[in-house]
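Okay, here's what each chain looks like letter by letter:
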Amino acid sequence: MTTAIAPARTLRIGPIELDAPVVLAPMAGITNTAFRRLCREYGAGLYVSEMITSRALVERNETTMRLIRHHESETPRSIQLYGVDPSTVEGAVRVLVDEDRADHIDLNFGCPVPKVTRKGGGAALPWKLGLFRDIVTRAARAAGDIPLTVKMRKGIDADHLTFLDAGRIAEDAGVAAVALHARTASEFYSGTADWSAISALKEAVTSVPVLGNGDIWSAEDAVRMMSETGCDGVVVGRGCLGRPWLFGDLARSLGSAAAAGGAPVDATLGFVAAAFRRHAQLLVEFFDDEDRGCRDIRKHVAWYFKGYPVGGDLRARLATVSSLVEIDDLLAELDLGAPYPGVAAEGQRGRAGSPKRPALPDGWLASRELGTEASCALADAELDHSGG
């Protein structure tokens, strides 16, 4: 499924050396233990958790404590935190470090969701330089020997870019790497990612790895991004939805000899059906509940079977399954020998949305420093949202 091959590369993030310069992007409701395990079975890289809210972690929310657990097969263990209050983020990092719950911690400054940016969080936060510096500096100090990284967007919109300032601040604060989704918050996931911004960040940040994110739908895209921008690795999000074996393609195209084992995937319908079934099984294990695991796999149906000869009625029934036996029965109705459909199965996956004016606190753009009014807006910004 892929022919482009780049010179073999590894990626070092602090003390962690990866056999392939590839990171799974955190995605809300997607990158739980089940999906991370599945991606890891196909390839090499760093597989990051769903975003964890710092406040919920410090308060030891039951759901949050379950989300930060890793399967014994997951090494290194990677967790992404979201927060807007320096002391709360620092406290959350200390929980992870003191209780030996992570080998890598990432901070999310890329979320474009209006509920988050309206309160000054996510992609809106780096506009406030002092606040951003305080959060990253205190988090990096609390992390100690555990590498801490930052994921961000270009900025709020084309007139309010923040990524170069934020990249330099993060580098000075002692982070182990910076990752850039090459869109602004106003673009959401629409249009085409601006890879030239990744090149600019790579020129500005010289002492730690710079990772690129945005519009990597195939291994060829990853090879091209690294070649065009000079970035040290790639972060893959929507491109692996319904296609966890993309990490195998990436390892063969980008990674070291240790990562490149295994033959290229022949993604027949039978292969895809087996991956879908494996994903469902892992979800059942993760939730420890067959009905809940099967309900969760429903949202993956359209992604897995994009472009394949799976009729509307069968797709609809797969999207309402409630047991593994039911999944087995439905998959048995497929023409498992149907070949990979090529272009029909490739390209963009997931919702792109459309450009929109970012929702921000009143007066947020008036100053790059945090005033009293903006500080109050941040007080209730730590909501359970992800993205970036």
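Here, the structure is the one placed above.
As the structure is a prediction and not an experimental result, all values here were calculated from the model. As a convention, each chain's residues are numbered from 1 in the sequence order in which they are written. In keeping with the predicted nature of the model, local features appear solely for residues at pLDDT of at least 70, side-chain atom pairs appear and are counted solely at 80 or more, and the whole-chain, interface and lining totals rest on all residues. As a rule here, side-chain values cover all heavy atoms of the structure and leave hydrogens and water aside.

Moving on, we get to the pairing of strand E4 (residues 46-53). Buried residues dominate E4, accounting for 8 of its 8 residues. Pairing analysis gives 2 bridges linking strand E3 (residues 22-24) to E4, with the strands arranged parallel. Residue Val23 lies in a different strand from E4, and its bridge partner there is Leu46. If DSSP finds at least two bridges between two strands, the strands pair. A run of H or I in DSSP becomes a helix once it reaches four residues, and a run of E becomes a strand once it reaches two; helices and strands are each numbered from the N terminus. Here 4 bridges tie E4 to strand E5 (residues 78-82), and the two strands are oriented parallel to one another. The buried label goes to any residue with under 20% of its type's maximum accessible area, the exposed label to any with over 50%, and the partly exposed label to all in between, with areas taken from a 1.4 Å probe on protein chains only.

This paragraph deals with the environment of Val136. Of note, Val136 is situated in helix H6 (residues 129-143). Distance from Val136 to Pro86, taken between C-alpha atoms, is 8.0 Å for residues 50 residues apart in sequence. Residues count as neighbours in contact if any of their non-hydrogen atoms are within 4.5 Å of one another. Excluding residues within four positions of it along the chain, Val136 makes contact with Leu107, Phe109, Leu148, Val150, Ala170, Ala173 and Val175.

This part takes up the side chain of Arg349. Looking at where Arg349 falls in the secondary structure, it is placed in the loop between helix H15 (324-331) and helix H16 (372-378). Buried Arg349, no salt bridge; nearest opposite-charge side chain is Glu346, N-O distance 8.5 Å. Under this definition, polar contacts are N or O atom pairs within 3.5 Å; protein pairs additionally need one hydrogen-donor-capable and one acceptor-capable atom, and for neighbouring residues in sequence, both atoms have to be side-chain atoms. Polar side-chain contacts of Arg349 include one of 2.5 Å to the backbone oxygen of Trp303. Looking at Arg349, its side chain comes within polar contact range of the main-chain oxygen of Ala345, at 2.8 Å. Apart from residues lying up to four places away in sequence, Arg349 is in contact with Trp217, Arg238, Gly239, Leu241, Gly242, Arg243, Trp303 and Lys306. When charges are counted, Lys and Arg are positive and Asp and Glu negative, with His and the chain ends excluded. For salt bridges, the criterion is a side-chain nitrogen of Lys or Arg within 4 Å of an Asp or Glu carboxyl oxygen.

Further remarks concern the layout of surface pockets. When its volume is computed, the largest pocket comes out at roughly 670 Å³. Note on definitions: the grid is 1 Å and covers protein atoms alone; a cavity is a set of points where a 1.4 Å probe fits but cannot get out; a pocket is an open set with protein on both sides within 12 Å along at least five of seven lines; lining residues have an atom within 4 Å of a point. As for the largest pocket, its lining consists of 31 residues, of which Met27, Tyr189, Arg238, Leu241 and Arg351 are closest to the centre. Grid points are joined across faces, edges and corners, and a volume is the space filled by probe spheres set on the points.

Here 8 strands make up a closed barrel; going around it, the order is E3-E4-E5-E6-E7-E10-E11-E12 and the pairing parallel. The mean inter-strand angle of the sheet, taken between neighbouring strand axes irrespective of direction, is 25°. In this fold helix H1 (residues 33-42) packs onto E3 and E4, with an angle of close to 170° to the strand it touches most, E4. Relative to the sheet, helix H10 (residues 246-254) contacts E3, E4 and strand E12 (233-236), its axis offset from that of E3 by approximately 165°. Lines are fitted to the C-alpha atoms to define the axes, a helix being fitted only along its stretch in contact, and any angle between axes, read from their N-to-C directions, falls within 0 to 180 degrees.

Right, let's talk about the environment of Leu81 for a bit. Along the chain, Leu81 turns up in strand E5. On the basis of relative accessible area, Leu81 is assigned to the buried category, the value being 1%. Spatially, the C-alpha atom of Leu81 lies 5.9 Å from that of Ser54, the residues being 27 residues apart in sequence. With near-sequence residues (within four places) excluded, Leu81 lies in contact with Met51, Ile52, Ser54, Leu57, Ala92, Val93, Leu96, Ile105, Asp106, Leu107 and Asn108.

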